[in-house]
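Read off the chains here:
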Amino acid sequence: MAKLELRELGNTGLKLSCVGFGASPLGNVFGTVSEEEANASVREAFRLGINFFDTSPYYGGTLSEKVLGKALKALGVPRDNYIVSTKCGRYAEGFDFSADRVTKSIDESLARLQLDYVDILQCHDIEFGSLDQVVNETIPALQKLKEAGKIRLIGITGLPLGVFTYVLDRVPPGAVDVILSYCHHSINDSTLEDLIPYLKSKGVGVISASPLAMGLLTESGPPHWHPASPELKSACQAAAAYCKEKGKNISKLAMQYSLSNKDVSSVLVGMNSVRQVEENVAAAVELATAGKDEETLLEVEAILKPVKNQTWPSGIQQS
Ligand code: NAD
């Protein structure tokens with residue numbers, strides 16, 4: 001099988017596999033996953049060329065970090081063979097972007113992950129905090145963690161795209177290495193594309209998560225907590241059913257759509273089984289060798305047109 005493509009992450013010098021392993025499902029966020037299945041999924045991902053693993057203390061109330069840490073350790077490979085990102089500021093108990101909390105948080109994450117450092121530490125869903133605190137307090141605190149060698153790179157994540165420009169316009173150049181956007185670069189919502197020239201001008205690496213729109217673009221549909229409107233859910237369901245009837249798979253189409261934009265360094269997809277790992281890697285390899293199914297893509301885009309770029313509210317209103 002052809003190798004999974006590696007892509008440069010902005011100016012960081014890191015090369016991420018174009019398919020990244022989203023570990024929120026390992027925190028049982030999308031249903032229960034056994035430890036055996038979690039270990040086997042991580043092992044298969046690494047074997048097939050995935051070198052990037054993303055988690056957070058928030059996923060499953062710290063469970064995802066623990067399960068991922070154990071699975072990575074069980075690989076028995078040198079630490080620099082894989083890239084780990086985790087987050088700070090969002091916890092099962094709520095949000096706290098204070099310097100104190102994020103400084104303690106990294107030590108807790110490292111212990112759960114059984115690591116000496118993480119490659120990327122990201123402020124998690126900053127639209128729920130004060131963006132000025134993120135600029136003036138959280139990022140400077142993360143800078144100190146960088147100097148201490150506990151993290152290599154600093155990132156920010158969030159749903160509304162405006163939070164990225166707000167922060168990047170106010171921090172010193174180079175203070176933020178990477179942004180993680182989610183649900184804005186998939187077949188139903190492509191609004192991240194418009195922000196990419198700006199992000200490039202800032203020299204920031206771009207990670208795009210949730211190519212399957214957190215389960216909307218799957219045959220089995222989204223989890224009960226999914227925040228999309230009933231209209232968006234039913235349009236995606238209709239698109240999935242259309243693909244199935246045609247003998248196609250909506251998730252494969254969605255992966256290939258997201259992977260087509262090479263300005264995105266890694267497409268982070270949540271995976272909880274060996275089968276999903278194999279399907280998503282195969283989708284990337286097939287895209288690189290045979291291209292995507294343009295005909296079905298156009299048909300699905302037509303089904304989703306009435307809900308194109310429809311999103312949902314997230315976070316607190318910033319004054
Ligand atoms: P996703 O769009 O990747 O969808 C995940 C769902 O799709 C899960 O139910 C998974 O089991 C299923 N799935 C995966 N591959 C499949 C396949 N081939 N066929 C059918 N179903 C398949 O959404 P996500 O998991 O929320 O996002 C991916 C990752 O990105 C997360 O795990 C997390 O690491 C990261 N993320 C971060 C943020 C943030 O920082 N704010 C937000 C969202 C996601």
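Small disclaimer: the values here were computed from a predicted structure and weren't measured.

J.: Help me get a handle on the layout of surface pockets, residues and values and all.
T.: Rolled over the atoms, a probe as big as a water molecule pinpoints where empty space is left. As a volume, the largest pocket reaches approximately 1,300 Å³. What lines the largest pocket is a set of 50 residues, and nearest its centre among them are S24, F30, M214, G215 and G270. Contributing elements (two or more residues each) for the lining of the largest pocket: β10 (178–182), α8 (250–259), β12 (266–270) and α9 (274–290). In terms of residue class, the lining of the largest pocket is made up of 24 nonpolar, 18 polar and eight charged. When its volume is computed, the second largest pocket comes out at roughly 160 Å³. Residue lining of the second largest pocket: L216, T218, E219, S220, G221, P222, K233, C236, Q237, A240, A241 and K244, and that is the complete set.

J.: Outline α8, supporting the account with residue identities and numerical values.
T.: Of all ten residues that make up α8, nine are buried, and the element is covered over most of its length. All of the buried residues along α8 are I250, S251, L253, A254, M255, Q256, Y257, S258 and L259. Backbone nitrogen of S251 and a side-chain oxygen of the N-cap are separated by 2.7 Å at the start of α8; the cap is N249.

J.: Any details on the UniProt feature "domain: NADP-dependent oxidoreductase" (unreviewed entry) in the protein? Residues and values, ideally.
T.: In this structure's numbering, the residues bearing the UniProt feature "domain: NADP-dependent oxidoreductase" (unreviewed entry) are residues 19–285. Split by type, residues 19–285 is 42% helix and 17% strand. Its first and last C-alpha atoms lie 10 Å apart.

J.: Please give an account of the nonpolar core that cites residues and values.
T.: V19, F21, I156 and V167 are the most contacted members of the largest nonpolar core, which totals 107 residues. A total of seven residues in this core trace back to one element, the largest contributor, which is helix α4 (residues 131–147). In this view, V19 contacts L4, I50, M255, L259, S266, V267, V269, M271, N280 and A284; residues no more than four positions away in its chain are not counted.

J.: If you had to explain the packing of aromatic side chains to someone new, which residues and values would you point to?
T.: Tallied over the full model, the rule gives five aromatic pairs. Taken together, a centroid distance of 4.6 Å and an interplanar angle of 10° make the contact between F95 and F128 stacked. One end of the pair, F95, is in strand β7 (residues 94–95); the other, F128, is in the loop between β8 (118–123) and α4, and 33 residues separate them in sequence. By relative accessible area, which is 32% here, F95 ends up partly exposed. The rings of F95, F97 and F128 are connected pair by pair, giving a single aromatic cluster. Lying over the aromatic face of Y58, R90 brings its terminal NZ or CZ to 4.1 Å of the ring centre. Here R101 stacks its cationic end above the ring of Y91, 4.3 Å away from the centre of that ring.

J.: Describe the pattern of salt bridges, naming the residues involved and giving the relevant values.
T.: Oppositely charged side chains are able to pair whenever their charged atoms sit close together. Enumeration over the complete set of coordinates arrives at 20 salt bridges. In this structure, K70 engages E35 in a salt bridge whose closest nitrogen and oxygen atoms are separated by 2.7 Å. Pair noted here: K70 is in helix α2 (residues 63–75) and E35 is in helix α1 (residues 35–47), with a separation of 35 residues, a long-range link. Exposure remark for E35: the relative accessible area of 36% places this residue in the partly exposed category. A salt bridge links D177 to K146; the nearest nitrogen and oxygen atoms lie 3.1 Å apart. Here D177, found in the loop between α5 (162–168) and β10, pairs with K146, found in helix α4; they are 31 residues apart in sequence, far enough to count as distant. Within this structure, E5, R7 and K262 form a network of salt bridges that share partners.

How each quantity is defined
Residues numbered from 1 in each chain as written. Predicted model: local features only at pLDDT ≥ 70, side-chain atom pairs only at ≥ 80, totals over all residues. Heavy atoms only, no water. 1 Å grid on protein atoms, 1.4 Å probe; cavity = no way out; pocket = protein on both sides within 12 Å on 5 of 7 lines; lining within 4 Å. Points joined across faces, edges and corners; volume = space filled by probe spheres on them. Helix = DSSP H or I, 4+ residues; strand = E, 2+ residues; numbered from the N terminus. Nonpolar A, V, L, I, M, F, W, Y, C, P; charged D, E, K, R; others polar. Buried < 20%, exposed > 50% of the residue type's maximum accessible area, 1.4 Å probe, protein only. Polar contact = N/O pair within 3.5 Å; in protein donor to acceptor, adjacent residues only side chain to side chain. UniProt positions renumbered as here; feature names shortened; annotations may be inferred. Core = buried A, V, L, I, M, F, W, Y, C linked by side-chain atoms within 4.5 Å. Contact = heavy atoms within 4.5 Å. Phe/Tyr/Trp six-rings, centres within 6.5 Å; stacked < 30°, edge-to-face > 60°. Lys NZ or Arg CZ within 6 Å of the ring centre and 35° of its normal. Salt bridge = Lys/Arg side-chain N within 4 Å of Asp/Glu carboxyl O.

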